[in-house]
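Listed here are the chains, written in short residue letters.
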Amino acid sequence: MQFEWKGVMPAVTTKFTDNDTLDLKMFGKNINAQIDAGVHGIVLGGSLGEASTLTSDEKVELIKETVGLVDKKIPVVMTIAEQATHIAIAEARKAQKNGADALMILPPMRYKSTDHETVEYFKEIAKSTDLPIMIYNNPVDYKIEVTADMFEELLKLDNIQAVKESTRDIINIGRLQNRFGDRLKVLTGVDPLALESLLIGADGWVAGLVCAFPAETVAIYELAKAGYAKEATAIYRWFLPLLELDISPQLVQNIKLAEVATGIGTENVRKPRLNLQGEERKRVLKIIENSLKTRPTLPDYGNLELIGRAVSV
């Protein structure tokens, strides 16, 4: 498989049974819905995938299951989010051994590392594998920013190739692209800024609400990249109240409620997370219900030539 850092890559949720084991049946249903919608890759074990609650064995099981489900149609990206460098290296090697096509690496968990420590952490993991790597840059949630100067050092390693850009500073996309060009692929990681990011040049979208609405997400990407900004914007404006559910400490619970509403997930989360309660639950459900009532009819985004003809008429 020729790997490319572009397109829509769902940061998928991890499905659990009522007994708190992996629900591979529902997981498979969701992955198949993603494939049918035309996503360009699957990202496992991220924040939305409740990585901090998964055992090493469960992560391996998810990789193997996903590799089987995608059947080489699209790449499988495993997230590395660990507290110690040696554990991160071990997990990276396990991911490669079990069929992952690439890695998304978060900075050290819990410890707020210095710039030098952060760079060395990423470099040591990258040197332990030949898999392509995307760095997750999210200083809002993880309190560590990977600056352009740090990328200057990191990009000396050939397999560090992309960034999940989640600073929420949309100008940073242009800064990185002006400095590094195609050497560093930029994928937006903030759902409510996705369309703007794509229109100014982001290569892809590591998405959250795609877990519940895969077709709408892919439609926005394909239309935006083909130059149909007006058509993409119409879908995006409808989508925005849902997309804002992604920028919340309870994004997992929010998105799992949306998956229930679209029939491709369950509400089960792993403790210490608990299902939403009270007024907040009512608020989120109202957003989801209102969106479903006004869900747009999508253009045939798989056939952009037809869309072009319709627009020109």
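Look up a bit, the structure's there.
Residues numbered from 1 in each chain as written. Predicted model: local features only at pLDDT ≥ 70, side-chain atom pairs only at ≥ 80, totals over all residues. Heavy atoms only, no water.

A separate point is the packing of aromatic side chains. Each pair of aromatic rings is reported with the distance of its centres and the angle of its planes. Tallied over the entire structure, the rule returns 6 aromatic pairs. Considering the side-chain rings of tyrosine 136 and tyrosine 142, the 5.8 Å spacing of their centres and the 75 degrees angle between planes classify their relative orientation as edge-to-face. Taking 5.8 Å as the distance between ring centres and 75 degrees as the angle between the ring planes, the aromatic pair formed by phenylalanine 213 and phenylalanine 239 counts as edge-to-face. Taken as a pair, phenylalanine 213 in the loop between β8 (204-207) and α9 (214-225) and phenylalanine 239 in helix α10 (residues 229-243) lie far apart in primary sequence, 26 residues in all. For the pair formed by phenylalanine 213 and phenylalanine 239, the shared burial category is buried. Among the aromatic residues, ring-to-ring pairing joins Phe213, Trp238 and Phe239 into one connected group. One cation-aromatic arrangement involves lysine 164 over tyrosine 136; the distance from NZ or CZ to the ring centre is 4.0 Å. (Phe/Tyr/Trp six-rings, centres within 6.5 Å; stacked < 30°, edge-to-face > 60°. Helix = DSSP H or I, 4+ residues; strand = E, 2+ residues; numbered from the N terminus. Buried < 20%, exposed > 50% of the residue type's maximum accessible area, 1.4 Å probe, protein only. Lys NZ or Arg CZ within 6 Å of the ring centre and 35° of its normal.)

Once that is clear, we can look at the sheet that holds strand β3 (residues 76-80). The strand order β1-β8-β7-β6-β5-β4-β3-β2 describes an open sheet built from 8 strands, whose pairing is parallel. One side of each edge strand has no neighbouring strand; the edge strands of this open sheet are β1 (7-10) and β2 (42-44). Averaged over all pairs of adjacent strands, the angle between strand axes in this sheet comes to 25 degrees, irrespective of strand direction. For strand β4 (residues 102-105) and strand β5 (residues 133-137), the ladder comprises 3 bridges, and the chain directions are parallel. Bridging from a neighbouring strand, isoleucine 105 pairs with isoleucine 135 of β5. (Pairing = 2+ DSSP bridges. Axes fitted to C-alpha atoms, helices over the stretch in contact; angles between N-to-C directions.)

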